[in-house]
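Residue-level listing of the chains:
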Amino acid sequence: MRITVIGTGYLGAVHAACMAEIGHEVLGVDVDELKIAALAEGRPPFFEPGLADLLARTHAGGRLRFSTSLREAAEFGEVHFVCVGTPQRSGSFAADLSHIDAVVDGLGPHLSEPCLVVGKSTVPVGTAARLAGRVADLAPAGDAAELAWNPEFLREGTAVRDTLEPDRLVVGTGSARADAMLREVYAPMIEAGTPYLVTDLATAELVKVAANSFLATKISYVNAMAEICEATGADVTRLAEAIGLDDRIGSRFLSAGLGFGGGCLPKDIRAFLARGEELGVERSLRFLREVDEINMRCRQRTVDAARDLVGGSFLGKRIAVLGAAFKPDSDDIRDSPALNVAAVIKLQGAHITVHDEEAVDNARAAFPHLDYALEPAKACEGADAVLHLTEWRQYRELDPARLAAVTRTPRLLDARNALDLPHWRNAGWTVRALGRPAA
Ligand code: UDX
């Protein structure tokens, strides 16, 4: 099929490459000329494991091209996937729909042939129905230009695998034609046994925010338990291990620590709250306010634990921060808990040196007042404490004895509960972690 993917960020670039990988002719479109130029040369504009190989393969196969023109997109595609961002509006919890509106308004007047516009972005429930009307109004093809909703569930870091081997495909549409076209798009996945669910538009929109709200709630639940553990001398990692073995609960998304960040979970639960208020059902979602508060408290508890570790004040202290991305295997620093903590500690008088192999450029651009090091050991030179804030695999492989030798005082806060603490303790480190007793 001829497919366009409009918006080539973390979601769209991966979707475009994966659609080409399964055999479609794909045109990726974005307003950002630099991003399009990079992609056209087969260079991913961000770090995502496996994406560079995929781009190289699909380019070589001649199935993937890029453009900045919505008119070209309209003329090329039978199916148009809309993958632009819906960030949090400034000064409000609500989602900013200006990018998605601009795509529909820019594409619509050029849709003169029967086609399908498919929303993938995360939007407030009700948006799809509004956009369906807008497409039909604007398109010269009229009702033959349809709109369906097909939320994306990919995680950064495993986005390629999540797209090629999804847990499920959800399609919101009332149209047999739209359903048939999307079954054709996803034929290899459906043949491989991926569950394919057809719903109405509103349910499809809600599936995405409901799933993300559940995941956020699970993380904040375990982080609330971490607070209880801290008050009682219990160990949240053992608690999570034990409750996670109950398969009604499950062990995934039960890692306590610095909490969730990134471009999705925080803004999605807030946008859901805002939409709930508009719909007059805020009581049903009020718990998400608590989920958000527990999550933000994780950052404060990390700052407090680090301050305790260095003797009660950050003034004049040198702090090494390991990790800047919002999670490992990503260079994404949107709402990164690690950088949030680093910036707050800096404000309280510490000198901060951050290490993150992949996210360093993004971090430096957004937080130019922090210092950066290209090696973990460089970041730790002369440090009064080392904060482990993003659990890159590389940090689990560090040699604590060699690192201790370069610090001023070997003190470690593992805010991700991912390091082998006895190993660090044996190498002479004073060790703290969130939700676990200080030993
Ligand atoms: C998320 C959803 O997982 C995905 O389905 C959706 O489409 C987009 O949002 P992503 O933002 O890439 O994906 O990251 P995810 O792996 O979900 O992690 C989110 C945050 O939660 C990270 O900051 C991570 O560090 C944190 N997290 C995750 C925890 O604190 N504890 C956990 O147990 C799991």
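Predicted model only: the values in this text are computed from it and were never measured. Within each chain, residue numbers correspond to sequence positions counted from 1 in written order. Only residues with pLDDT of at least 70 are given local features in this predicted model, and only at 80 or more are side-chain atom pairs given and counted; all residues enter the totals for whole chains, interfaces and linings.

**Thoughts on the sheet that holds strand β12 (residues 385-388)**
Sheet strands associate in pairs through backbone hydrogen bonding, adopting either a parallel or an antiparallel arrangement.
Part 1 of the argument: Strand pairing requires that DSSP identify at least two bridges connecting the strands. Note on conventions: DSSP H or I runs of at least 4 residues are helices, E runs of at least 2 residues are strands, and numbering of each starts at the N terminus. Within the open sheet, the six strands sit side by side as β11-β10-β9-β12-β13-β14. Their pairing is parallel. Lying at the two open borders of the sheet, with one neighbouring strand each, are β11 (371-373) and β14 (430-433). Taking each pair of neighbouring strands and ignoring which way they run, the sheet shows an average axis angle of 25°.
Part 2 of the argument: Pairing of strand β13 (residues 411-414) with β14, which is carried by four bridges, proceeds in the parallel orientation. Within the sheet, the bridge partner assigned to Asp-414 lies in β14 and is Ala-433.
Part 3 of the argument: By definition, residues are in contact whenever their C-beta atoms, placed on the basis of the backbone, come within 7 Å of each other. Axis lines are fitted to C-alpha atoms, over the contacting stretch for helices. Their N-to-C directions set the angle, which ranges from 0 to 180 degrees. Strands in contact with helix α13 (residues 282-309) are β9 (318-322), β12, β13 and β14; relative to β13, the strand with the most contacts, it is inclined by about 165°.

**A word on the site of the ligand**
Part 1 of the argument: For the ligand, the set of nearby residues contains 20 residues, the closest of which are Glu-156, Ser-255, Phe-260, Gly-262 and Cys-264.
Part 2 of the argument: Each residue receives one of three labels: charged for Asp, Glu, Lys and Arg, nonpolar for Ala, Val, Leu, Ile, Met, Phe, Trp, Tyr, Cys and Pro, and polar for the others, Gly being one of them. Grouping the amino acids of the shell around the ligand by side-chain chemistry returns 10 nonpolar, six polar and four charged.
Part 3 of the argument: Boundaries of every domain are those given by an automatic assignment or by a domain database. Taken together, domain 1 (2-199) and domain 2 (209-297) each give at least three residues to the shell around the ligand, which thus spans both. The C-beta atom of each residue is placed using the backbone, and any residue whose C-beta lies within 6 Å of a molecule or strand is treated as near it.

**So, unusual backbone geometry**
Part 1 of the argument: We note that Asp-329 has phi near 60°; this positive angle belongs to a residue other than glycine.
Part 2 of the argument: Note on placement: Asp-329 falls in the loop between β9 and α14 (337-347).
Part 3 of the argument: Residues other than glycine seldom take positive phi values, yet Asp-335 does so here, at roughly 45°.
Part 4 of the argument: Looking at where Asp-335 falls in the secondary structure, it is placed in the loop between β9 and α14.

**Side note on the domain arrangement of the protein chain**
Part 1 of the argument: Assigned domains of the protein chain: these are domain 1 (2-199), domain 2 (209-297) and domain 3 (301-433).
Part 2 of the argument: Counting residues at the interface gives 11 residues for domain 2 and 13 residues for domain 3.
Part 3 of the argument: Class assignment for the residues of the side of domain 2 that touches domain 3 results in three nonpolar, seven polar and one charged.

**Considering helix α5 (residues 98-107)**
Part 1 of the argument: To sort residues by burial, count the other C-beta atoms lying within 10 Å of each one's C-beta; a count of 20 or more means buried, 12 or fewer means exposed, and anything in between means partly exposed. C-beta atoms are built from the backbone. Taken together, the buried positions of α5 are Ile-100, Val-103, Val-104 and Leu-107. One face of α5 carries all of its buried residues, which in axial projection span an arc of 95°.
Part 2 of the argument: Check the buried side of α5 and you find it contacts β1 (2-6), α4 (70-76), β4 (79-82) and α6 (127-138). Note: the arc covers the axis-to-C-beta directions of the helix.

**So, the UniProt feature "active site" (unreviewed entry) in the protein chain**
Part 1 of the argument: UniProt tags Cys-264 as "active site" (unreviewed entry).
Part 2 of the argument: When the 26 C-beta atoms within 10 Å are taken as the criterion, Cys-264 is described as buried.
Part 3 of the argument: Every residue in contact with Cys-264, bar those within four places of it in the chain, is listed here: Thr-122 and Asn-212. UniProt positions are given in the numbering used here, feature names are shortened, and annotations may be inferred rather than shown by experiment.

**Comments concerning the UniProt feature "binding site: substrate" (unreviewed entry) in the protein chain**
Part 1 of the argument: Following the UniProt record, one finds the feature "binding site: substrate" (unreviewed entry) at Phe-153, Leu-154, Arg-155, Glu-156, Lys-208, Phe-253, Leu-254, Ser-255, Ala-256, Gly-257, Gly-261 and Lys-327. What stands out for the annotated residues spanning 175 residues is how far apart their C-alpha atoms range, the widest pair being 24.5 Å apart.
Part 2 of the argument: Structurally, the position occupied by Glu-156 is in the loop between β6 (145-149) and α7 (159-164).
Part 3 of the argument: For Glu-156, the residues in contact, after removing those within four places along its chain, are Tyr-10, Glu-48, Ser-330 and Asp-332.
Part 4 of the argument: In this structure, Gly-257 is in contact with Cys-298, Ala-415, Arg-416, Asn-417 and Leu-434, ignoring residues within four places of it in sequence.

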